[in-house]
Protein chains: 2
Amino acid sequence: MMEKNISTAVIKRLPRYYKTIKELAVANITRVSSAELAGRLSFTASKIRQDLNCFGGFGQQGYGYNVAYLCNELEEILGINKGIPAILIGTGNIGTALINNFDFLYSGFKLIAGFDIRVFNDNINNVPIYNASELERFIEKNKPKMAVLTVPRNQVQKYVKLFIKHEIKGVWNFTNEYIQNPDIAAENVNFSDSLMTLCYNIKEK
Amino acid sequence: MMEKNISTAVIKRLPRYYKTIKELAVANITRVSSAELAGRLSFTASKIRQDLNCFGGFGQQGYGYNVAYLCNELEEILGINKGIPAILIGTGNIGTALINNFDFLYSGFKLIAGFDIRVFNDNINNVPIYNASELERFIEKNKPKMAVLTVPRNQVQKYVKLFIKHEIKGVWNFTNEYIQNPDIAAENVNFSDSLMTLCYNIKEK
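Let us look at the structure shown here.

Analysis parameters
Residues numbered from 1 in each chain as written. Chains lettered and ligands numbered in written order. Predicted model: local features only at pLDDT ≥ 70, side-chain atom pairs only at ≥ 80, totals over all residues. Heavy atoms only, no water. Helix = DSSP H or I, 4+ residues; strand = E, 2+ residues; numbered from the N terminus. Buried < 20%, exposed > 50% of the residue type's maximum accessible area, 1.4 Å probe, protein only. Contact = heavy atoms within 4.5 Å. Buried area = accessible area lost by both parts, 1.4 Å probe. Salt bridge = Lys/Arg side-chain N within 4 Å of Asp/Glu carboxyl O. Polar contact = N/O pair within 3.5 Å; in protein donor to acceptor, adjacent residues only side chain to side chain. Nonpolar A, V, L, I, M, F, W, Y, C, P; charged D, E, K, R; others polar. Least-squares fit on C-alpha atoms with pLDDT ≥ 70 in both. Phe/Tyr/Trp six-rings, centres within 6.5 Å; stacked < 30°, edge-to-face > 60°. Lys NZ or Arg CZ within 6 Å of the ring centre and 35° of its normal. Axes fitted to C-alpha atoms, helices over the stretch in contact; angles between N-to-C directions. Left-handed = near helix turned anticlockwise from the far one by under 90°.

1. What about the environment of D103 of chain A?
Now for step 1: Inspection of the secondary structure puts D103 of chain A in the loop between helix 5 (93–101) and strand 5 (109–116).
Now for step 2: Judged by relative accessible area, D103 of chain A falls into the partly exposed class, the value being 45%.

So, in structure tokens, the structure goes:
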């Protein structure tokens, strides 16, 4: 069913499709047309059909999409139904805010531990927090597949090397250092890039 | 000098150009070639030349780019040299982390106040925090042009309406509600979209 070479733009839209479909599923709605989806999202009905067709298409003309089926398929496609084990490094303000408030499981990951060079609480929101000196042993034993990085930028390369060595497959990067490395998937969440883009768009308005 | 219809992709890359050039300027480096920039960024030299040409081009063949000049020009283009007045609504974990740690001025904004429905500290990191009941009066008087939104998603539409009414030009949106409105520029920072994209990319590796 899966096709290769799906464009990055399509992939970036999948989470929004998933969330909308998930809301419908939770509300016990059983089917939905591409026109109704278009009303809830900011895309046209034809773009929605086109995007979902990249993955084989799940709709039937005159019926629309089966919500429960599409919801499951999108979970499969995104891979968010597995609870991939993840760790977080750097329990400062942002790291702590993520541990306390962010629903990792909803987005496909189970946060199993946090690390910092100084540990003030041995757990935050039921996630155990360890000293960074224990990191490598913990990784060897527990084999997390993703790491959230909320450390100062001068430490980024050191951690990326360590992750690759231990076959961590992805990094959710909140440092201001851009990570682009063929050996690890990276999502760079860069607040200042985002805010500068907003600044430009305000100026152009 | 400015040209219209610059693609979103180019605009998204400008902050990374700016940061790299700014670092060179701070290090008192006076000129740089597109090849050297390519070595510091993950783009090719020809893409860099092409991107900067969208804005008139600043380089000279055989000399490269004048760092101080390019730095100033990028600040102008992005509009980040004005310290646009901004407010923040919602001083929970993420809001407080932003006030405490994020350098708004570097990205073009001056954070002049924070608001919440319950105020525990009347200032955070020297930014005054007011009760949300004072928000509209404050906006009328101080005319901020940007608002950071870190509130529960069911309150988003109410605030967006208020912002548009008072000619706030942009919103930096940390709620999970996507904002797309022709009357206001929005940057949607959506953590779960980002993490689901990472999940997909890990699965495909």
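2. A look at the interface of chain B and chain A
Now for step 1: Facing the 64 residues of chain B at the interface are 64 residues of chain A.
Now for step 2: By the criterion of area lost to chain A, the three top residues of chain B are L195, M196 and Y200 of chain B, representing 14% of everything that side buries.
Now for step 3: Two residues, D193 of chain A and K19 of chain B, come together in a salt bridge whose shortest N-O distance is 2.5 Å.
Now for step 4: The tally of links between chain B and chain A comes to 20 residue pairs in polar contact (both at pLDDT 80 or more).
Now for step 5: Here the residues of the side of chain B that touches chain A sort into 34 nonpolar, 15 polar and 15 charged.

3. Description of the relation of the copies chain B and chain A
Between the two copies of the chain lies a relationship made up of a rotation around an axis and a movement along it.
Now for step 1: When chain B is fitted to chain A, the residual RMSD is 0.0 Å, and the transformation amounts to a turn of 180 degrees plus an axial shift of 0.0 Å. Both copies are brought into coincidence by an operation consistent with a two-fold rotation axis. Ranked by how close their C-alpha atoms come to the rotation axis, the residues of chain B are headed by I94 of chain B, at 3.4 Å.
Now for step 2: Taken as a fraction of all interface residues of chain B, those also at the interface in chain A reach 100%, which identifies the copy contact as same-surface.

4. A word on the packing of aromatic side chains
Now for step 1: Evaluation of the coordinates by the stated rule reveals 29 aromatic pairs over all chains.
Now for step 2: Judged by centre distance (5.5 Å) and plane angle (85 degrees), the ring pair of F191 of chain A and F174 of chain B falls under edge-to-face. With F191 of chain A in helix 8 (residues 191–204) and F174 of chain B in the loop between strand 9 (170–173) and strand 10 (185–188), the pair connects residues from two separate chains. This pair shows no difference in class: F191 of chain A is buried, exactly as F174 of chain B is.
Now for step 3: Ring geometry for Y17 of chain B and F43 of chain B: centres 5.6 Å apart, planes at 65 degrees, overall edge-to-face. Of this pair, Y17 of chain B sits in helix 1 (residues 8–26) while F43 of chain B sits in the loop between helix 2 (34–40) and helix 3 (45–53), and the two are 26 residues apart along the sequence. As far as burial versus exposure is concerned, Y17 of chain B and F43 of chain B are alike and both buried.
Now for step 4: Ring-pair connections join several aromatic residues into one group, and the members of that group are F102, F104, W172, F174 and F191 of chain A together with F102, F104, W172, F174 and F191 of chain B.
Now for step 5: Above the ring of F43 of chain B, the side-chain terminus of R13 of chain B is found at 5.8 Å from the ring centroid.

5. Description of the packing of helix 1 of chain B against helix 4 (residues 67–78) of chain B
All names here are of chain B.
Now for step 1: At a minimum axis separation of 9 Å, helix 1 and helix 4 run at an interaxial angle of 145 degrees. Remark: the crossing between helix 1 and helix 4 carries left-handed chirality. Here helix 1 contributes L14, P15, Y17, Y18, I21, K22, L24 and A25 to the contact with helix 4, which in turn contributes V67, L70, C71, L74, E75, I77 and L78.
Now for step 2: Looking at the contact of helix 1 with helix 4 residue by residue, the class counts come to 13 nonpolar, no polar and 2 charged.

6. Some words on the pattern of salt bridges
Now for step 1: Per the stated rule, a full pass over the model turns up 16 salt bridges over all chains.
Now for step 2: Taking the shortest distance from any N to any O, the salt bridge between K165 of chain B and E136 of chain B comes out at 2.7 Å. Of the two residues, K165 of chain B sits in helix 7 (residues 156–165) while E136 of chain B sits in helix 6 (residues 135–142), which places them 29 residues apart along the sequence.
Now for step 3: Residue classification places E136 of chain B among the partly exposed residues on the basis of a relative accessible area of 28%.
Now for step 4: Taken together, the shared-partner salt bridges connect E23 of chain A together with R153 and E177 of chain B into one network.

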